[in-house]
Structures are given as structure tokens and as C-alpha cells.
Amino acid sequence: MKVLSFIENAFSGLFFLVGISISLYSVFMRYIVGDSQSWATEIYTMLLVWAIFIGFSTALRDNKHIAIDLLYDRAGPLFRKICEIFTLVLGIAFSIFIIQTGVDMVLTAYAQGIKTVDVGFPIWVNYLIMPIAGTLLFIRFCEKAYKYFIKKEIYTKEQPDESTPVRKVE
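First, a word on what this report is: a plain description of the structure on this page. Remember, predicted model here, so these are calculated numbers, not experimental data.

Rules behind the numbers
Residues numbered from 1 in each chain as written. Predicted model: local features only at pLDDT ≥ 70, side-chain atom pairs only at ≥ 80, totals over all residues. Heavy atoms only, no water. Helix = DSSP H or I, 4+ residues; strand = E, 2+ residues; numbered from the N terminus. Buried < 20%, exposed > 50% of the residue type's maximum accessible area, 1.4 Å probe, protein only. Contact = heavy atoms within 4.5 Å. Salt bridge = Lys/Arg side-chain N within 4 Å of Asp/Glu carboxyl O.

1. Remarks on the side chain of Ser26
Structurally, Ser26 can be placed in helix α1 (residues 2–33). According to the relative accessible area criterion, Ser26 is buried, its value standing at 2%. Setting aside residues no more than four positions away along its own chain, Ser26 makes contact with Gln37 and Ala40.

2. Brief notes about the pattern of salt bridges
In the structure shown here, the tally under the stated rule is 5 salt bridges. Of the charged contacts in the structure, one is a salt bridge between Glu143 and Arg140, with a shortest N-O distance of 2.9 Å. With Glu143 and Arg140 both in helix α6 (residues 129–149), this residue pair falls 3 residues apart, about one helical turn. Note on accessibility: Glu143 and Arg140 belong to one class, buried. Via salt bridges that share partners, Glu8, Arg61, Asp62, Arg140, Glu143 and Lys147 belong to a single interconnected network.

3. Structural notes on unusual backbone geometry
Even without glycine at this site, Asn63 takes up a positive phi of about 55 degrees. Along the chain, the position of Asn63 falls in the loop between α2 (38–61) and α3 (70–74). Residue Asn63 is classed as partly exposed on the basis of its relative accessible area, which comes to 26%. Even without being glycine, Lys152 reaches a positive phi, approximately 60 degrees. Considering the arrangement of structural elements, one finds Lys152 in the loop between α6 and β1 (153–155).

Put into C-alpha cells, the structure is as follows:
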């Protein structure tokens, strides 16, 4: 999982930095030089979308997704267990849906031979992030399920040491 985390961080960061750099280049060329670079919009949009979709997995890994804790924090252990199980099952189902939908999108675009307008880049490559992101989410939800059901650990924000934000399931 450390290798996967490294790969996620590296690619997400790389795509984000290159995308932002191309975006800044495009703005400079358009407003300072007066020469619009239409190709840049396609490229930086694709790179930023890829960075964001990979970021979904890293956010799940690091427990950084938005959560509504008001009811959960005040509920008893049974309600918390039900919520945790529901979240894991729903997350795994959603990941599978994203994988299936993404594969369908990629195959359809590949079969149709659609290309982007300015660069002429195959659009199926843009869509490839869907099954990749779904697979990364699936892996992370399975990791969370393993930690919850097998290792009996859950994430808790009450831990004083953020390097080990887990406690044993009650």
C-alpha cells in the first residue's frame, strides 16, 4: 500500500503541477503576448481532471473527505457501527459502478475514434481516468473494510497523535 500511496501522490502532484504550469503559460500568452494557445486548454483541463480524480483516492486514504459528524459524534456505538458498515458497502458499490461506467465510456470512445478538437488527442485517453479512479477508490474502500472488520480499527479524529489516527472497534 505504501507503493500505491507513492504512485498516487506522485502522479496526482505531477498532473496538477504540469496542468497549472500550462494554464499559467496559456494566460501569459493570451494576455501578455496576445497569442491565444487553444491547445493549452485541452491539455491542462485533462491534467487537472486526472489530478483531481486521483486525489479522490488519496483523500479517502487520508480520511480527508467531507463528513457530517454532528449526528455520528452524538450517537452510540451501534449506530456508529451501522454507519461505518453502510459507508463501506456503499463506497465499494459506488467504486464498482465508476469502474463499469468508465470502462464503457473508454470502449465506446475508442470504438468511435473520437478525438479532441484542438489537439486531435484520442478522447478515450481522457476517459481512462474513470476506471482508474474507480479502481483506486475500490482498493481504498477494501483497505478500510479490512482495517475495520479484520484489524478492528476505525479512524477517529480524537486521537492526540495524528500519525496513528485509529482505535480499536468497541
